[in-house]
Amino acid sequence: MYGGVGCVGTPIVRTDAAALWATGNTWWQVPRMIKVEFKGKLAPGVTGKDVIVALCGSFNKDEVLNAAIEFTGEGVAGLSVDDRLTIANMTTEWGALAGLFPVDQTLLDWYERTLRKLEFCTFASKTIPPLPEHPRINRRRLDALQAMPLTPDPGAEYASHLRFDLSTLVPHVSGPNSVKVSTPLPKLEEARIPIQKAYLLSCTNSRVSDIAAAAAVMKGNKVSPDVEFYVAAASSVVQHESERLGDWDALVVAGAKVLPAGCGPCIGLGVGLLEEGETGISATNRNYKGRMGHPKAQAYLASPAVVAASAIKGYICGPDSLDTKRLPPTGAPSFHIAETGPGAVAPATSDTEESLLPGFPESFSGRLLFVPQDNLSTDALYPGKYTYQDDITLERQAEVVMENYDTSFAGLVSSLRREQPPLPASASTKQGVVLVSGYNFGTGSSREQAATALKAAGVPRNAINNGLICLESPELVSELTEMYGKDGQRGAGGKDGELTVNRGHTIRINMRDGNVFVDGPQGEKRYGVRPVGASVQELWICGGLEGYILKSIQAQL
């Protein structure tokens, strides 16, 4: 969400953080840039949450995958900093690595107010020296930023340019169980979808303004007897301010159940989780299957006001204060996409052979499993309820891998590995079970256990820092989908209803030239991928970033 305050932020996991502490260094591959230009102004009752929910649902084919988003345009001036924080926060769910808003007068005024609050917390006298200045928010840095605000270079090039007319947007709801599905609220409201739980919490939409918006809806009303409404402030500071304003008490009096500030149901921890068969609506950022509770529950995302209104009436709806006459016509908002350049996207294959470091395999091989599903999240790969079990073993991780997607997956991988004949010790091939899935595999939170669990099970996965190899073959995915996906598509399992397709294929990937050979019932066919370079090879040889850092430290001793 740092992009909302003029900073670039991107997620890292515990191993990345440990490497930073140990060495002071990290690496980040510079992504392609996409320009999102906002025009017009949001109608009353439409929020930043609706903006990003609509973007996630309208462009859900990986259009921004692994890109950095630059939000620009005259429409930005009409967005509050809190709206910008919400939009920037959920660019990750959209598929991007980062989202950045400009440093404009709205942001500079926000920083000025924040700095004054910090200054009011300090005092000095002849005998008491002033406290050291805040390392990030201080007068010196703010003055420098005002004197020379950060702006794009003249003639800056972008991979894509999206124009979005904010005045054409109505409130939107995400789900169920996917941020890639969004529906205009007026259409969803007609269905009167009953809910059993509602949530106003998390880093995304539980700031002072969010709690105030929910409280304005709640005042004079009560939470439905059929609904449990859970509230947690984004921080203790936020809760104290909301208490001072009276908004916190308004929610409690209306029947909200208070949870501690910080993470909780959003990541599947603590009380109030969705039970089997229940439906919930939340102001959080992610509603992946099983993330907030049982895999057979339904989770929707919406703005704080819509969450509060739904908690009152017991079904998904907007607040009574929402004046539909002042909203634009219900339907798809107005978008326009202008392709501006190649965007520095690497080709899928290479005509040259890659040199291999000593110790790196000539090839990877094994049985092929196909998961006909796009946007398979880390919650599906590794359920949140295990994330903070720090004493969990790798063996146990292997047993629960993909549990929220397919409960039979771990057993299937284990049986296939037992069937593999052992290779001679001198063999230059690394054996395992090779998993092929749809686009945007491993989206969502940056929990590295999603990678380590697959690695422990014997499945290579796209997590370089954990010593796993990332390869892309759109042609192979497309043909497997046509042959084995239900109705020739991804998203509904295999043709026989299975979630993980196992048809006896074997696969061998040559790491020098990128040739991929798949042998199945139709015979053998060759595909091409781009081989990995020396940096990825070295990470694999070291067993991941942890081993690489250890090797680097030992070399300095």
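Below or above, wherever it landed, is the structure these notes cover. Since the model is a prediction, treat every value here as computed from it, not as a measurement. (Residues numbered from 1 in each chain as written. Predicted model: local features only at pLDDT ≥ 70, side-chain atom pairs only at ≥ 80, totals over all residues. Heavy atoms only, no water.)

**Concerning the overall build of the protein**
Consideration 1: Each helix and strand in the protein was counted, giving 18 helices and 17 strands.
Consideration 2: Judged by the C-alpha coordinates and their principal axes, the protein covers about 70 × 60 × 50 Å.
Consideration 3: Residues counted as buried form 50% of the 557 residues belonging to the protein.
Consideration 4: When contacts within the protein are restricted to residue pairs at least 6 apart in sequence, those whose partners lie at least 24 apart make up 76%.
Consideration 5: Of the roughly 26500 Å² that the protein leaves accessible, carbon and sulfur atoms contribute 53%.
Consideration 6: Looking at charge distribution, the protein has the averaged site of its 52 positive side-chain charges lying 2 Å from that of its 60 negative ones. (Helix = DSSP H or I, 4+ residues; strand = E, 2+ residues; numbered from the N terminus. Buried < 20%, exposed > 50% of the residue type's maximum accessible area, 1.4 Å probe, protein only. Contact = heavy atoms within 4.5 Å. Areas by Shrake-Rupley, 256 points an atom, 1.4 Å probe, with all protein chains shown as cover. Lys, Arg positive; Asp, Glu negative; His and termini not counted. Charge placed at Lys NZ, Arg CZ, Asp CG, Glu CD.)

**Notes on the pattern of salt bridges**
Consideration 1: As enumerated under the stated definition, the model contains 21 salt bridges in all.
Consideration 2: Across the salt bridge formed by R490 and D374, the nearest N and O atoms sit 2.6 Å from each other. In this pair, R490 sits in the loop between α16 (474–484) and β15 (506–510) while D374 sits in the loop between β13 (363–371) and α12 (378–381), placing the two residues 116 residues apart along the sequence.
Consideration 3: When its relative accessible area of 25% is taken as the criterion, R490 is described as partly exposed. (Salt bridge = Lys/Arg side-chain N within 4 Å of Asp/Glu carboxyl O.)

**A short note on the sheet that holds strand β16 (residues 515–520)**
Note: strands within a sheet are paired through backbone hydrogen bonds, in either parallel or antiparallel orientation.
Consideration 1: Read across the sheet, five strands follow the order β14-β13-β15-β16-β17 without closing on themselves; strand pairing throughout is mixed. At either end of the open sheet lies a strand with only one pairing partner, and these are β14 (429–437) and β17 (523–528). Taking the axes of each pair of neighbouring strands and ignoring which way they run, one obtains an average angle of 25° across the sheet.
Consideration 2: Two strands pair when backbone bridges link them, and β13 and β15 are joined in this way by five bridges, in the antiparallel orientation. Pairing of S365 across the sheet is with R508, part of β15.
Consideration 3: Lying on the sheet, helix α14 (residues 409–419) is in contact with β13 and β14; it crosses β13 at an angle near 145°. (Pairing = 2+ DSSP bridges. Axes fitted to C-alpha atoms, helices over the stretch in contact; angles between N-to-C directions.)

**Overview of the nonpolar core**
Consideration 1: Formed by 72 residues in total, the largest nonpolar core has its most connected members in F38, W94, F229 and L251.
Consideration 2: If we ignore the near neighbours within four places in the chain, the residues touching F229 are A198, Y199, L200, M218, V223, L251, G255, A256, K257, V307 and A311.
Consideration 3: L376, A398, V413 and V459 belong to the second-largest nonpolar core, a separate cluster that totals 25 residues. (Core = buried A, V, L, I, M, F, W, Y, C linked by side-chain atoms within 4.5 Å.)

**Details of the environment of P422**
Consideration 1: In this structure, P422 sits in the loop between α14 and β14.
Consideration 2: Of the residues examined, P422 reaches a relative accessible area of 76% and is grouped as exposed.

**Observations concerning the packing of helix α2 (residues 48–58) against helix α3 (residues 81–89)**
Consideration 1: Here α2 crosses α3 at 25°, and the two axes come no closer than 8 Å. Accordingly, the angle class assigned to the pair α2 and α3 is roughly parallel. With respect to the hand of their crossing, α2 and α3 are arranged in right-handed fashion. Packed against α2, whose contacting residues are G48, K49, V51 and I52, the element α3 presents D83, T86 and I87 at the interface. (Parallel < 35°, antiparallel > 145°, perpendicular 65-115°, else oblique. Left-handed = near helix turned anticlockwise from the far one by under 90°.)

**A closer look at helix α15 (residues 449–457)**
Consideration 1: Burial within α15 is extensive, with seven of its nine residues counted as buried.
Consideration 2: Inspection of α15 places Q449, A450, A451, T452, A453, L454 and A457 among the buried residues, and these make up the whole buried set.
Consideration 3: Where the residues of α15 are buried, they touch α1 (14–23), α12, α13 (394–400), α14 and β14.
Consideration 4: Phi turns positive one or two residues past the end of α15, at G458, with a value near 100°.

**Some details on a nonpolar patch on the surface**
Consideration 1: Taken together, the side chains of I12, L20 and W21 make up a nonpolar region of the molecular surface, amounting to roughly 350 Å² of accessible area.
Consideration 2: The topology assignment puts I12 in the segment before α1. (Patch = residues over 30% accessible without salt bridge, like charges linked within 9 Å, V, L, I, M, F, W, Y side chains within 5 Å.)

**A short note on unusual backbone geometry**
Consideration 1: In the segment running from G175 into P176, the intervening peptide bond is cis, with an omega of 10°.
Consideration 2: Within the secondary structure, P176 sits in the loop between β5 (172–174) and β6 (182–184).
Consideration 3: One non-glycine residue, N66, adopts positive backbone phi at about 60°.
Consideration 4: When you line up the elements, N66 lands in the loop between α2 and β2 (68–72).
Consideration 5: On the basis of relative accessibility, which here comes to 42%, the residue N66 falls in the partly exposed class.
Consideration 6: Even without glycine at this site, N177 takes up a positive phi of about 60°.
Consideration 7: Residue position: N177 is located in the loop between β5 and β6.

**Looking at the side chain of T279**
Consideration 1: Tracing the sequence through the fold places T279 in strand β10 (residues 279–282).
Consideration 2: We classify T279 as buried; its relative accessible area is 11%.

**Details of the state of the cysteines**
Consideration 1: Overall, the coordinates contain zero disulfides when judged by the stated rule.
Consideration 2: Of all cysteine sulfurs in the structure, the one in C203 sits closest to C7, which takes part in no disulfide; the separation is 16 Å.
Consideration 3: What makes C7 partly exposed here is its relative accessible area of 33%.
Consideration 4: No disulfide involves C56; its sulfur sits 14 Å from the nearest other cysteine sulfur, which is in C203.
Consideration 5: Owing to a relative accessible area of 0%, C56 belongs among the buried residues under this scheme. (Disulfide = S-S within 2.5 Å.)

**Focus on the packing of aromatic side chains**
Consideration 1: Across all of its chains, the model carries twelve aromatic pairs by this definition.
Consideration 2: Plain terms: the ring middles of F71 and F101 are 4.6 Å apart, the flat faces sit at 20° to each other, and that makes the pair stacked. One end of the pair, F71, is in strand β2; the other, F101, is in the loop between β3 (98–100) and α5 (105–120), and 30 residues separate them in sequence. No difference in accessibility class separates F71 from F101, as the two residues are buried.
Consideration 3: For the ring pair F164 and F335, a centre distance of 4.5 Å and an interplane angle of 40° mean the geometry is tilted. Of the two residues, F164 sits in strand β4 (residues 160–165) while F335 sits in strand β12 (residues 334–339), which places them 171 residues apart along the sequence.
Consideration 4: Residue F164 is classed as buried on the basis of its relative accessible area of 0%.
Consideration 5: With relative accessibility at 23%, the residue F335 sits in the partly exposed group. (Phe/Tyr/Trp six-rings, centres within 6.5 Å; stacked < 30°, edge-to-face > 60°.)

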